[in-house]
Every structure is written in structure tokens, then in C-alpha cells.
Amino acid sequence: DYTVPPQTADSAPVVYAWGESKVKFKNPSRFRYLKYELLASYDGYGALQDFRITPEPLTSPEIVSVSSEADGYAAAGIFKPNESWQSHKNHKGKFPHCLVIDFMQPIEITEINTLARPGFQLGMPTKFKIYASNNLKEWHRVSAVNVFED
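This is a predicted model, so every value here is computed, not measured.

### Concerning the overall build of the protein
Here is step 1 of the chain: Counting its secondary structure elements, the protein contains zero helices and 10 strands.
Here is step 2 of the chain: In sequence order, the protein lays out its α and β elements as β-β-β-β-β-β-β-β-β-β.
Here is step 3 of the chain: Taking all 150 residues of the protein together, the buried fraction comes to 43%.
Here is step 4 of the chain: Within the protein, contacts between residues separated by at least 24 positions form 73% of all contacts whose residues are at least 6 apart in sequence.

Next comes the structure, spelled out in C-alpha cells:
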């Protein structure tokens, strides 16, 4: 879902905002790891608000790798209400911003929901990919989003 703010002759460039990105699998798939690779944003930061898997995993997932974290915005925030992840200011513009999620064992996945932070906050991704793996070596791309092309 994208929102295009109104534009006048004196306004700033058009900004495409999105609230939720859904990846639906035609058939249930089993993966242990998911990797988010943020390739571009409006301001050089990376950020995500929330992350959900359907069906919901029986065990709590963990972050096993993250490219950077801002103070007060740890990657584990994507699993907690009213929290979010944001890349560190020293990594501004240093793409890709990545985080890897471990479900502790392969789990069945039928849907992946990702939410950006509400409004136009730091780190609004404009281009990102999601990969899945069972061994951290072989990654399979399951989604590619570019808000300027989609």
C-alpha cells in the first residue's frame, strides 16, 4: 500500500510511503532464517517497525546478525509492540542495511508481513529484498520491493 502526498508547484519531490508489505507463498514453505536487505531509503538510514510470520512461530525468533543499530532502536524491536529498528547514524548511506532473523528451527511459512514505521520517519525504505535460508549459506529471494516501480 502506497500513499502519495498532494503536490503543488512549490512542494518538495513526491514521496511514496508504504505501510505494509506482504509476501504470500502459494504453497507453505519451510525456512529457518530470513534476511532483510534494505538497498535504498529516502534518507540513507534503514528502519523497520514490525515483522510477522503466518502461522505464528511456536518459539520466539532472534536476531542473529544486523548491519548496525541506533541507540534505543535495536533490531529486536521489530518483535516488540511500540518499538522499531533503525540503523546507526554512522552507517547513513552505507547500503545495504541488513538484519537476519533465526527461528531456531525450520518453520512453516505461508505469509511474511513487514511494516515500515508510521509517517515519514528516518529510514523509510524505498527498495528492499527478503531472502530465506535453512543454513545461512544458500539464500533464496522471496521478495523484492521498489516503491518507485511497484
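### Some points on the environment of Leu39
Here is step 1 of the chain: Locating Leu39 in the fold gives a position in strand E3 (residues 20–41).
Here is step 2 of the chain: Of the residues examined, Leu39 reaches a relative accessible area of 26% and is grouped as partly exposed.
Here is step 3 of the chain: Note: C-alpha distance between Leu39 and Phe128 (89 residues apart in sequence) is 5.3 Å.

### Description of the pattern of salt bridges
Here is step 1 of the chain: On inspection of all chains with the given rule, the structure shows three salt bridges.
Here is step 2 of the chain: A salt bridge links Arg32 to Asp102; its shortest N-O distance comes to 2.8 Å. Note that Arg32 is positioned in strand E3 and Asp102 in strand E8 (residues 97–115), a separation of 70 residues in sequence.
Here is step 3 of the chain: Asp50 serves as the salt-bridge partner of Arg52, at 2.6 Å between the closest nitrogen and oxygen.

### Notes on the pairing of strand E10 (residues 140–146)
Here is step 1 of the chain: Two strands pair when backbone bridges link them, and strand E9 (residues 125–133) and E10 are joined in this way by six bridges, in the antiparallel orientation. Of the residues in E10, the one forming a bridge with Lys127 is Asn146.

### Here's the deal with the side chain of Ser68
Here is step 1 of the chain: As for its position among the elements, Ser68 is in the loop between strand E6 (62–66) and strand E7 (85–86).
Here is step 2 of the chain: For Ser68, a relative accessible area of 7% gives the class buried.
Here is step 3 of the chain: Those residues in contact with Ser68, other than ones at most four positions away along the chain, are Trp85, Gln86, Ser87, His88 and His91.

### Digging into the packing of aromatic side chains
Here is step 1 of the chain: Scanning the entire structure with this criterion turns up four aromatic pairs.
Here is step 2 of the chain: Chaining the aromatic ring pairs together yields one cluster made of Tyr36, Phe51, Phe79, Phe103 and Phe128.
Here is step 3 of the chain: Taking the ring centre of Trp139 as reference, the NZ or CZ of Lys35 above it sits at 4.7 Å.

### Points about unusual backbone geometry
Here is step 1 of the chain: Between Thr54 and Pro55 the backbone carries a cis peptide bond, its omega angle lying at -10°.
Here is step 2 of the chain: At the junction of Phe95 and Pro96, the peptide bond is cis and its omega measures out at 0° in the coordinates.
Here is step 3 of the chain: Within the fold, Pro96 resides in the loop between E7 and E8.
Here is step 4 of the chain: Even without glycine at this site, Asn82 takes up a positive phi of about 65°.
Here is step 5 of the chain: The phi torsion at Met104 lies on the positive side, around 75°, for a residue other than glycine.
Here is step 6 of the chain: Tracing the backbone shows Met104 in strand E8.

Reading the values: rules and limits
- Each chain has its residues counted from 1, following the order in which its sequence is written.
- For this predicted model, a pLDDT threshold of at least 70 governs which residues receive local features, and a threshold of 80 or more governs which side-chain atom pairs are given and counted, while totals over whole chains, interfaces and linings are taken from all residues.
- For the side-chain quantities, the full set of heavy atoms in the structure was used; hydrogens and water were omitted.
- Per the convention used, a helix needs a DSSP run of H or I reaching at least four residues, while a strand needs a run of E reaching at least two, with both numbered from the N terminus.
- We call a residue buried when its accessible area falls under 20% of the maximum for its residue type, exposed when it is over 50%, and partly exposed in between, using a 1.4 Å probe and counting protein chains only.
- Residues count as neighbours in contact if any of their non-hydrogen atoms are within 4.5 Å of one another.
- Counted as salt bridges are all cases of a side-chain nitrogen of Lys or Arg within 4 Å of a carboxyl oxygen of Asp or Glu.
- Strand pairing is assigned whenever DSSP detects at least two bridges linking the two strands.
- In summary, the pairing rule links any two rings of Phe, Tyr or Trp, Trp by its six-membered ring, whose centres are within 6.5 Å, and it sorts them by plane angle into stacked for under 30 degrees, edge-to-face for over 60 and tilted for everything else.
- Remark: a charge is flagged as sitting over a ring if the NZ atom of Lys or the CZ atom of Arg is within 6 Å of the ring centre and within 35 degrees of the ring normal.

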